[in-house]
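Summary of structural features
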Amino acid sequence: MKHLGTGIGWRPEIADAVEQMPGIDWVEAVAENLCPGHVPDSLLRLRERGVTVVPHGVSLGLGGADRPDETRLAALAERAQALGSPLVTEHIAFVRAGGPLTASQPLEAGHLLPVPRTRDALDVLCENVRVAQDALPVPLAVENIAALISWPGEEMTEGQFLYELVERTGVRLLIDVANLHTNHVNRGEDPSKALDELPVEAIAYVHVAGGFERDGVWHDSHAHPVPEPVLAILSDLAARVNPPGVLLERDENFPAPGELERELDAIRETVRTKAPASGEGASGTAPATGEAAAVPDATRQRLALAQTALLSALVAGTPAPEGFDRARLAVQSRALTGKRADVVAKVAPELPEILGGSYRADFFAYAQARPMTGGYRRDALDFAERLLLSGQPEDAQARGRLTRWWLERSGPAPLDAGPVARWLRAARFALRRG
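Below, the structure is looked at part by part. Model, not experiment: these values are computed from the prediction.

**Describing the overall build of the protein chain**
For the protein chain, the count of helices and strands is 16 helices and twelve strands. Relative to the globule expectation of 22 Å for 434 residues, the C-alpha radius of gyration of the protein chain, 23 Å, shows essentially globular dimensions. Across its three principal axes, the protein chain shows a C-alpha extent of roughly 75 × 50 × 45 Å. Split into buried and exposed, the 434 residues of the protein chain put 53% on the buried side. At a minimum sequence separation of 6, the contacts of the protein chain that also span at least 24 residues come to 75%. Total accessible area on the protein chain is roughly 19,100 Å²; 51% of this is exposed by carbon and sulfur atoms. Averaging the locations of the 45 positively and 59 negatively charged side chains of the protein chain gives two centres separated by 7 Å.

Have a look at this one:
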């Protein structure tokens, strides 16, 4: 496995600072935020200096019941080739549910959700990983995720689940020690036991990040300093194996560059002082050999029904599936809606500007009745349309600005025959004639 060294998550907001930071050996960029034909100049300059860039996918949904989408796989492969990356990474999670397997409305989580640690889910995950491995030009590593909720009736621990995944597929692992801490607080899982059970020789690299605790729940925010318990788990891991790479993740609420550099120094020191005496690092795993039996459609359908029931309870207000902690589901549901509101505000910054202080309350009211079925840009348009159709906002000037914003972006899609829809259609026609 390629030795990566110490890195940081590349984000546009800190691109200039990352270029100036000493000792940055590599960076990781969110794959879905990159366009292969228009790679940001900052990443190109880093590449020219010999800094490795790894694309990190968030939307493939390898833990979902459906087989991986060929278009998403092709896009991930294209980004790896455009960046000359030695590997690509994704998550052990599901991000959507519903659709043909359940004969129900497709639903998008807009977030990484945990898969049940069951034989059915493992069989599906292994086949999905193999499909992805065959489609990608470089090795794949998959990440353990943080979770607020636990599935009832699980048959394996996280360590056992990951061990068998590696054994059956040869996939590499991206171990997030912050996520191990999150699952310790939220699900009572012992990080040391998880590390005991992991095939540490399969580790491609390690994530380190911060979060915060509220009402006994740890939120993996990637917007706060790395806490001591997370560094302690990194220390435990580094005492077992010298990881090929360690990366600091920060997605928002960015501090001054000096603070990020101090966190990177703490990470380097933790790994350096705990490195195994042999000096040996993780070496990766050989690809699994032999033909694997195809997963029966009935297995995928069972997983699809379970994941759809859970996601529907989280985003569409349907009853909680049996065996789940309803209080934790409510926390997860609010967190999903909050993240959805935050991302819509980023992709359509005009909306919170137009709506002012009512943006978040308006969005929460909309989201409770309208689960996300497409991307965030579609969600922003649907939110604005729903407000306008209900006569909002009350302020005439704000309503006019929102109308113009929606008309300029909504395109020629047909509207229903209601009076407000007819007015919007007429307004769109008048705007275009003008």
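Read on, since the account is not over.
**Structural notes on the nonpolar core**
Among the nonpolar cores identified, the biggest contains 86 residues, and Ile8, Val27, Leu43, Leu140, Leu165, Val208 and Leu234 are the most heavily contacted of them. Contact partners of Leu234, with chain neighbours within four places excluded, come to Val177, Val206, Val208, Val246, Ile267, Thr270 and Val271. Counting residues in each nonpolar core, the second largest holds 24 residues, with Tyr366, Tyr376, Trp406 and Leu407 among its members.

**Here's the deal with the packing of helix H11 (residues 326-347) against helix H14 (residues 376-389)**
Relative to each other, H11 and H14 sit at 90 degrees, their axes nearing to 9 Å. Classed by the angle they form, the pair H11 and H14 counts as roughly perpendicular. Only Tyr376, Arg377, Asp379 and Ala380 of H14 make contact with H11, whose side of the interface consists of Arg340, Val343, Val344 and Val347. Of the residues assigned to the contact of H11 with H14, the class counts are five nonpolar, no polar and three charged.

**A word on the pattern of salt bridges**
In the structure shown here, the tally under the stated rule is 26 salt bridges. For Glu108, the salt bridge identified is with Arg96, shortest N-O distance 3.1 Å. Within this pair, whereas Glu108 is found in strand E6 (residues 104-113), its partner Arg96 is found in strand E5 (residues 94-99), the two being separated by twelve residues in sequence. Classification of Arg96 by relative accessible area gives partly exposed; the value is 21%. Put simply, Glu127 and Arg300 hold a salt bridge, and the shortest N to O gap is 2.7 Å. With Glu127 in helix H4 (residues 119-135) and Arg300 in helix H10 (residues 297-315), the pair connects residues that are 173 residues apart, well separated along the chain. Arg300 shares its class with Glu127; the two are buried. Connected through shared salt-bridge partners, Arg117, Glu154, Glu158, Arg187 and Glu189 make up one network.

**Brief notes about the pairing of strand E7 (residues 140-143)**
Residues Leu140 and Val142 of E7 are buried on one face, and the alternating residues Ala141 and Glu143, pointing to the opposite face, are buried as well. Two strands pair when backbone bridges link them, and strand E4 (residues 88-91) and E7 are joined in this way by four bridges, in the parallel orientation. Bridge pairing in E7 places His91 opposite Glu143. The parallel pair E7 and strand E8 (residues 172-176) is bridged by helix H5 (residues 158-169), and the resulting crossover is right-handed.

**Brief notes about helix H6 (residues 177-187)**
In terms of burial, H6 is largely enclosed, as nine of its eleven residues are buried. Listed in full, the buried residues belonging to H6 are Val177, Ala178, Asn179, Leu180, His181, Thr182, Asn183, Asn186 and Arg187. N-cap assignment for H6: the residue whose side-chain oxygen lies 2.9 Å from the backbone N of Ala178 is Asp176. Positive phi appears at Gly188, one or two residues downstream of H6, with a value of about 70 degrees.

**Some details on the pairing of E5**
A large share of E5 lies buried, amounting to five of its six residues. Across four bridges, E5 lies against E6 in antiparallel orientation. Along E6, the bridge assignment pairs Phe94 with Leu113. Counting the residues in the hairpin turn of E5 and E6 gives four residues, including Ala103, whose phi is positive at 50 degrees.

**Considerations on the environment of Gln392**
Counting through the fold element by element, Gln392 comes out in the loop between H14 and helix H15 (396-410). Along the sequence, Gln392 and Ser85 sit 307 residues apart, while their C-alpha atoms lie 48 Å from each other. Sequence-distant contacts of Gln392, defined by excluding residues within four places in its chain, comprise Leu387, Arg399 and Leu402.

**Some details on H11**
The end-to-end C-alpha distance of H11, which contains 22 residues, comes to 31 Å, matching closely the 32 Å that a straight helix rising 1.5 Å per residue would cover. All buried positions along H11 are accounted for by Arg328, Leu329, Val331, Gln332, Ser333, Leu336, Thr337, Gly338, Arg340, Ala341, Val343 and Val344. Capping of H11 at its N-terminal end is provided by Asp325; its side-chain oxygen lies 2.9 Å from the backbone amide nitrogen of Ala327.

Here is what the cut-offs are and how they apply
- Residues numbered from 1 in each chain as written.
- Predicted model: local features only at pLDDT ≥ 70, side-chain atom pairs only at ≥ 80, totals over all residues.
- Heavy atoms only, no water.
- Helix = DSSP H or I, 4+ residues; strand = E, 2+ residues; numbered from the N terminus.
- Rg over C-alpha atoms; globule rule 2.2 N^0.38 Å.
- Buried < 20%, exposed > 50% of the residue type's maximum accessible area, 1.4 Å probe, protein only.
- Contact = heavy atoms within 4.5 Å.
- Areas by Shrake-Rupley, 256 points an atom, 1.4 Å probe, with all protein chains shown as cover.
- Lys, Arg positive; Asp, Glu negative; His and termini not counted.
- Charge placed at Lys NZ, Arg CZ, Asp CG, Glu CD.
- Core = buried A, V, L, I, M, F, W, Y, C linked by side-chain atoms within 4.5 Å.
- Axes fitted to C-alpha atoms, helices over the stretch in contact; angles between N-to-C directions.
- Parallel < 35°, antiparallel > 145°, perpendicular 65-115°, else oblique.
- Nonpolar A, V, L, I, M, F, W, Y, C, P; charged D, E, K, R; others polar.
- Salt bridge = Lys/Arg side-chain N within 4 Å of Asp/Glu carboxyl O.
- Pairing = 2+ DSSP bridges.
- Right-handed = clockwise from strand over helix to strand, strands pointing away.
- Polar contact = N/O pair within 3.5 Å; in protein donor to acceptor, adjacent residues only side chain to side chain.
- Expected span 1.5 Å × (residues − 1).

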